[in-house]
Amino acid sequence: MNIVEGLKWRYATKRFDSNKKLSKDQLEYLKDAINYIPSSFGLQPYKVFVIENPEIRAKLQEAAWGQPQLTEASQIFLFANFKEYGPEKVDAFLKLGAEINNYPVESSNGYRDLLNGTISSLTPEQLSNWNAKQAYIALGALLSASAEQQIDSCPMEGFDKAKFDEILGLDKQGLTSVCIGAVGFRSPEDKNQFMKKVRKPKSELFETI
């Protein structure tokens, strides 16, 4: 199935068949899609938690107003952005790039100054918003790759982020939760699968200027 056909096929799955699980290969495919999607400067200023532990997921469900996806889906992908992004993270990113592409890290000094200058010019609120936007791009990769593979998914923002952070200990890692992607396989009980997709006509959505 190509990506467009996959996107036509998918919908926001509200009820998953808890007995059906992703294979190891399917899970790794989704991880690869997230890992290779672009982010600003390539920094990937977020961390992705793949949550499988049923006890943790039960606690998270309570903090998500009882939504069944949290416990029924095969896996829960939680995207959490870094609340701070200082020079040490920039240096780690540049060191990794130098190792992968086999060039001296010192040749990146000018780029280091650019990155640090750009990041330091942002207020804490602006930085958090910027990092969160990158996490949403990664969520889009998860949804698209899932659709291509005919894996059901549901993007979620309806949860108490402060409680999620507390349950998962994200504050200790300098992280805060942003959004969720639940993945698995639809339940026959999910009535939404029979609804036709509602989208604007392209003539209304797009304008060539």
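In the block above lies the structure referred to throughout.
The model shown is predicted, which means the values in this text are computed figures rather than measured ones.

## Things to note about the overall build of the protein chain
Here's step 1: When helices and strands are counted, the protein chain shows nine helices and four strands.
Here's step 2: Judged by the C-alpha coordinates and their principal axes, the protein chain covers about 55 × 50 × 35 Å.
Here's step 3: The buried share of the protein chain, taken over its 209 residues, is 40%.
Here's step 4: A separation of at least 24 residues holds for 79% of the contacts in the protein chain among residues at least 6 apart in sequence.
Here's step 5: For the protein chain, the exposed area adds up to about 12,300 Å²; of that, 53% sits on carbon and sulfur atoms.

## Here we look at the sheet that holds strand β3 (residues 152-156)
Here's step 1: With respect to topology, four strands assemble into an open sheet ordered β1-β2-β4-β3, the strand pairing being antiparallel. Two strands close off the open sheet at either side, each with one partner strand: β1 (46-51) and β3. Averaged over all adjacent pairs, the angle separating strand axes in this sheet is 20°, with direction ignored.
Here's step 2: In this sheet, strand β2 (residues 75-82) lies alongside β1 in antiparallel orientation, the contact comprising six bridges. Each residue of the ladder has a partner; that of Y46, found in β2, is N81.

About the cut-offs
Residues numbered from 1 in each chain as written. Predicted model: local features only at pLDDT ≥ 70, side-chain atom pairs only at ≥ 80, totals over all residues. Heavy atoms only, no water. Helix = DSSP H or I, 4+ residues; strand = E, 2+ residues; numbered from the N terminus. Buried < 20%, exposed > 50% of the residue type's maximum accessible area, 1.4 Å probe, protein only. Contact = heavy atoms within 4.5 Å. Areas by Shrake-Rupley, 256 points an atom, 1.4 Å probe, with all protein chains shown as cover. Pairing = 2+ DSSP bridges. Axes fitted to C-alpha atoms, helices over the stretch in contact; angles between N-to-C directions.

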